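Survey of secondary and tertiary structure
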Amino acid sequence: MRLDRLIANLGYGSRREVQAWCREGYITDRAGTPLRHDANVDPANVLFDGEELDPVAPLSLMLHKPAGYTCSTKDTGRLVYELLPERFRFRDPVLSTVGRLDRETSGLLLFTDDGGLLHRIISPKQHVPKVYEAVLAEPLRGDEATLFGSGTLMLDGEDTPLKPAGFEPLGENRARLTLHEGRYHQVRRMFGALGNRVVELHRSTVGGLTLEGLDEGQWRRLDESDLRRVFDAGA
């Protein structure tokens, strides 16, 4: 691949900036030899300011999203992309969130620039489970497991019932839900349909992926074994 195109597609800067960096000797091969901006290169043999380049597409990663961040590149306020290297926002193809967590929901958030993978994960046909822990404003009623698992619960403004969801009480006003679909504000609306309100919400797993070892605000790249765990859990 041509060097200036490669560096620009990875989000480091424009082609004009790449040309300047090449003239200044910031972009070299592994032996330290400066590269021309129009050279055809193997990405694995290129260093930017002495560091290896980010992986070319496909790239997938997971973030431990804190509450208070929005899943957007353009919204106002704090954005999830601020928790990643700045260049990730400008990659081509685009690094997109896999579904969304609303601003006040924390937990496991996936990103990928692989459109096919994104749609596989969010498709209800794949049965990828997503587990949420909720803290509620009011005590549990006691019939949530039956109602959420029935496959008949309808949300306001929708014309198809929710798929059956798993439910586990964790205390007087705390519960764990396992969903196999991802409708808009689904957990909050499910409890709202029963006259309750979610005051804290956290997603702990997507498929077989968990947040183990990842502190709030931290991220890591996903490898092939991680991606297999997503779908193995939904099998």
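Everything that follows concerns the structure shown earlier in this document.
Within each chain, residue numbers correspond to sequence positions counted from 1 in written order. Local features in a predicted model are, by the rule used here, given only for residues with pLDDT of at least 70; side-chain atom pairs are given and counted only at 80 or more, and totals for whole chains, interfaces and linings are based on all residues. Excluding hydrogens and water, the side-chain figures rest on all heavy atoms present in the structure.

Brief notes about the sheet that holds strand β2 (residues 46-48)
Within the open sheet, the three strands sit side by side as β1-β2-β3. Their pairing is antiparallel. Bordering the open sheet on either side are β1 (27-29) and β3 (51-52), each of which pairs with just one other strand. Two strands pair under a simple rule: DSSP has to find at least two bridges between them. A helix here means a DSSP run of H or I that spans at least four residues, while a strand means a run of E at least two residues long, and both kinds are numbered starting from the N terminus. As paired strands, β1 and β2 are joined by three bridges and run antiparallel to one another. Looking at the pairing, Ile27 lines up with Phe48 of β2.

So, the pairing of strand β8 (residues 166-171)
Bridging between β8 and strand β9 (residues 174-179) involves five bridges; their strand directions are antiparallel. Directly across from Gly171, in β9, lies its bridge partner Arg174. Here β8 folds back onto β9 in antiparallel fashion, the turn holding two residues.

Focus on the environment of Pro139
Structurally, Pro139 can be placed in the loop between β7 (130-136) and α4 (144-148). Taking the C-alpha atoms as reference points, Pro139 and Arg174, 35 residues apart in sequence, are found 8.0 Å from one another. Those residues in contact with Pro139, other than ones at most four positions away along the chain, are Glu172, Asn173 and Asn196. Any pair of residues with heavy atoms lying within 4.5 Å of one another is described as a contacting pair.

A few points about the packing of aromatic side chains
Whether two aromatic rings pair depends on their centres lying within 6.5 Å, for rings of Phe, Tyr and Trp, where Trp uses its six-membered ring; planes under 30 degrees apart make the pair stacked, over 60 edge-to-face, and the rest tilted. For the coordinates displayed, the defined rule picks out six aromatic pairs. Note on Trp21 and Phe48: the rings are 5.1 Å apart at their centroids and 80° apart in plane angle, and the pair reads as edge-to-face. Taken together, the positions of Trp21 in helix α2 (residues 15-23) and Phe48 in strand β2 put the pair 27 residues apart, joining distant regions of the chain. A single burial state applies to Trp21 and to Phe48, both of which are buried. Arranged with centres 5.9 Å apart and planes meeting at 70°, the rings of Phe148 and Phe167 form a pair that is edge-to-face. You can see Phe148 sitting in helix α4 and its partner Phe167 sitting in strand β8, a full 19 residues away along the chain. Like Phe167, Phe148 is buried. The ring of Tyr69 carries the charged tip of Arg78 above its face, separated from the ring centre by 4.7 Å. Any Lys NZ or Arg CZ that is within 6 Å of a ring centre and within 35 degrees of that ring's normal is treated as a charge sitting over the ring. Seen from the ring of Phe231, Arg120 lies directly overhead, with NZ or CZ sitting 3.9 Å from the centre. The cut-offs for exposure are 20% and 50% of the maximum accessible area for each residue type, with area from a 1.4 Å probe on protein chains only; residues under the lower value are buried, those over the upper are exposed, and the others partly exposed.

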